[in-house]
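Observations on the three-dimensional arrangement
So you can see what is in the structure, the chains are spelled out below.
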Amino acid sequence: MARAVTTQRKALNTTIAWVIGLVIFFPILWTILTSFKTEAQAIANPPIFLGFDWTLENYAVVQERSDYMRFLWNSVIIAGGSTILGILIAVPAAWSMAFVPSRRTKDILLWMLSTKMLPAVGVLYPIYLICIELGILDNRLALVVILMLINLPIIVWMLYTYFREIPGEILEAARMDGATLKEEILYILTPMAVPGIASTILLNFILAWNEAFWTLNLTAVNAAPLTAFIASYSSPEGLFFAKLSAASTMAIAPILILGWFSQKQLVRGLTFGAVK
């Protein structure tokens, strides 16, 4: 039988969870608050938390200086494209490794994971030269493919883990009923693994959205996403903390909205499942 949890223990656990959550969220909160300060207030010592003159001047300057919507659209295309392409490749790969394993499956999985240990700067030069030779430097399609390849091991590993939890007997029953391989993956496996696939998509989208190393080195103007948009406020003249915070807030706003929407949908789905 499960042990009863006292009210004091519940309150303690809740308090600890809130403290940890606030500590994790504090840098984001500080960035948002700094975006509404003047440059003098942003670098004040001691720091000013709430007692400052709120202003929207930084957002106006950012809008005048940069085409925010162009950077946002590039980020959406790059992050969304790499995520979709990665899922299309990873689902069949994870299916084969989970349900039709070979003697080398574990070795392949470990090899794929080991590629994440390679420093990105170690392959920057050859990839940069390849992009120049193919004429795809500062190109969104090139970034979609590169970011997909970078995150593919994580996608395959996550989907493999979720697929392993699905009983193989269900797929065998589908085959006995005459389901083809395509129908087995689309109509049997995918619906049962929706939570895992959704989590994988969200994580990969965030990883691609926040990628800065490749986007800063392989883009200039045409394909520059929001990471390049933020980096443009670090200049030889110095760091403009208030304007940099405003640009960062505009960059993280879509992710915060996406996270909030995903959480609402997840809670709604869990509640519907419990009621059903």
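The structure contained in this document is the topic of the report that follows. (Residues numbered from 1 in each chain as written. Predicted model: local features only at pLDDT ≥ 70, side-chain atom pairs only at ≥ 80, totals over all residues. Heavy atoms only, no water.)

Notes on the overall build of the protein
Applicable threshold: The secondary structure listing takes helices from DSSP runs of H or I that are at least 4 residues long and strands from runs of E that are at least 2 residues long, numbered from the N terminus. Here the term buried applies to any residue with accessible area under 20% of the maximum for its type, exposed to any over 50%, and partly exposed to those in between, with areas from a 1.4 Å probe on protein chains only. Residue contacts are counted whenever heavy atoms from the two residues lie within 4.5 Å of one another. In these tables, accessible area is a Shrake-Rupley quantity obtained with a 1.4 Å probe, and a residue counts as shielded only by the protein chains included in the view.
A tally of helices and strands in the protein yields 13 helices and 2 strands. Taking all 276 residues of the protein together, 32% fall into the buried category. Taking as baseline every contact in the protein between residues at least 6 positions apart, the subset at least 24 positions apart corresponds to 74%. Total accessible area on the protein stands at roughly 17,300 Å², and carbon and sulfur atoms take up 69% of it.

Some remarks on empty space enclosed by the protein
The rolling of a water-molecule-sized probe over the atoms marks out the regions of remaining empty space. This is how it is decided: The way it works is a 1 Å grid over only the protein atoms, where trapped points that fit a 1.4 Å probe form a cavity and open points with protein on both sides within 12 Å along at least five of seven lines form a pocket, and then any residue with an atom within 4 Å of a point lines it. Grid points are joined across faces, edges and corners, and a volume is the space filled by probe spheres set on the points.
The full count for this structure, using the stated rule, is 1 cavity of 30 Å³ or more. A volume near 40 Å³ is recorded for the largest cavity. Taken together, Ser75, Ile78, Ala79, Ala208, Trp209, Glu211, Thr215, Pro225 and Thr227 make up the lining of the largest cavity. Those elements that provide at least two residues to the lining of the largest cavity are α4 (68-99) and α10 (194-210).

Examining the packing of α4 against α10
Stated precisely, the cut-off is as follows: Here the axes come from fitting lines to C-alpha atoms, over the contacting stretch only for helices, and the angles between their N-to-C directions go from 0 to 180 degrees. Roughly parallel covers angles under 35 degrees, roughly antiparallel covers those over 145, roughly perpendicular covers 65 to 115, and oblique covers all other angles. It is the rotation of the near helix from the far one that decides the hand of a crossing: anticlockwise by less than a right angle makes it left-handed, clockwise makes it right-handed.
For the pair α4 and α10, interaxial distance at closest approach is 9 Å and the crossing angle is 135 degrees. By the angle between their directions, the pair α4 and α10 is classed as oblique. Taken as a pair, α4 and α10 cross one another with a handedness that is right-handed. Facing Leu72, Ser75, Val76, Ala79, Gly80, Ser82, Thr83 and Ile87 of α4, the residues of α10 in contact are Thr200, Ile201, Asn204, Phe205, Ala208 and Trp209.

Comments concerning unusual backbone geometry
Geometrically, the link from asparagine 45 to proline 46 is a cis peptide bond, its omega value of 10 degrees lying close to zero. Of note, aspartate 138 is a non-glycine position whose phi angle comes to about 60 degrees, a positive value. As for its placement among the helices and strands, aspartate 138 is situated in the loop between α6 (124-134) and α7 (140-164). For aspartate 138, a relative accessible area of 15% translates into the label buried.

Brief notes about the nonpolar core
Where we set the bar: Each nonpolar core is a collection of buried residues, namely Ala, Val, Leu, Ile, Met, Phe, Trp, Tyr and Cys, held together in the definition by side-chain atoms within 4.5 Å.
Residues Val62, Tyr68, Trp209, Trp214, Leu226, Phe229 and Tyr233 are the most contacted members of the largest nonpolar core, which totals 28 residues. When residues of this core are traced back to their parent elements, those giving at least two are α3 (57-65), α4, α6, α7, α10, α11 (213-218), α12 (226-231) and α13 (241-275). Counting residues per element, this core draws most heavily on α13, at 6 residues. Setting aside residues no more than four positions away along its own chain, tyrosine 68 makes contact with Gln63, Leu226, Phe229, Met250, Ala251 and Pro254.

With respect to the layout of surface pockets
So the rule is basically this: We call Asp, Glu, Lys and Arg charged. Ala, Val, Leu, Ile, Met, Phe, Trp, Tyr, Cys and Pro are nonpolar, and the rest, Gly among them, are polar.
One number sums up the size of the largest pocket: a volume of about 490 Å³. Lining the largest pocket we find 20 residues, and of these Val123, Ile146, Leu149, Ile150 and Trp214 sit closest to its centre. Mapped by element, the contributors of at least two residues to the lining of the largest pocket are α6 and α7. Among the elements that line the lining of the largest pocket, the one with the most residues is α7, at 7 residues. Classifying every residue of the lining of the largest pocket gives 16 nonpolar, 2 polar and 2 charged.

Notes on the pattern of salt bridges
This is how it is decided: By convention in these notes, a salt bridge is any Lys or Arg side-chain nitrogen within 4 Å of a carboxyl oxygen on Asp or Glu.
Under the counting rule described, the total for this entry stands at 2 salt bridges. One salt bridge connects glutamate 39 with lysine 243, and the closest N-O pair in it is separated by 3.4 Å. With a gap of 204 residues between them, glutamate 39 in helix α2 (residues 39-42) and lysine 243 in helix α13 connect regions that are remote in the sequence. Residue classification places glutamate 39 among the partly exposed residues on the basis of a relative accessible area of 22%. A relative accessible area of 18% means that lysine 243 is categorised as buried. For the salt bridge of aspartate 107 with arginine 104, the shortest nitrogen-to-oxygen distance reads 3.4 Å. A residue is classified by how much of its surface remains accessible, and aspartate 107, at 41% relative accessible area, is partly exposed.

Observations concerning a nonpolar patch on the surface
Under the convention used in this document: Exposure above 30% relative accessible area and the lack of any salt bridge qualify a residue for a patch; like charges then connect within 9 Å, and the nonpolar side chains Val, Leu, Ile, Met, Phe, Trp and Tyr within 5 Å.
On the surface, a nonpolar cluster with roughly 460 Å² of combined accessible area is contributed by Tyr125, Tyr128, Leu129, Ile132 and Leu137. Of the residues examined, leucine 137 reaches a relative accessible area of 31% and is grouped as partly exposed.

Regarding the packing of aromatic side chains
Filter applied, for reference: Note on aromatic contacts: the rings of Phe and Tyr and the six-membered ring of Trp form a pair at centre separations within 6.5 Å, being stacked when their planes are under 30 degrees apart, edge-to-face when over 60 apart, and tilted otherwise. A ring is considered to have a charge above it if a Lys NZ or an Arg CZ atom is located within 6 Å of its centre and within 35 degrees of its normal.
Summed over all chains, the structure comprises 11 aromatic pairs. Considering the side-chain rings of phenylalanine 26 and tryptophan 30, the 6.1 Å spacing of their centres and the 25 degrees angle between planes classify their relative orientation as stacked. Of this pair, phenylalanine 26 and tryptophan 30 are both found in helix α1 (residues 7-34), 4 residues apart, which corresponds to roughly one turn of the helix. Under the relative-accessibility criterion, phenylalanine 26 is labelled partly exposed at 40%. Counting every residue linked through ring pairs, the aromatic cluster contains Phe36, Phe52, Trp54 and Tyr59. Against the face of tryptophan 30 rests lysine 37, its NZ or CZ located 4.0 Å from the ring centre. Over the face of the ring belonging to phenylalanine 52 we find lysine 37, whose NZ or CZ atom lies 5.3 Å from the ring centre.

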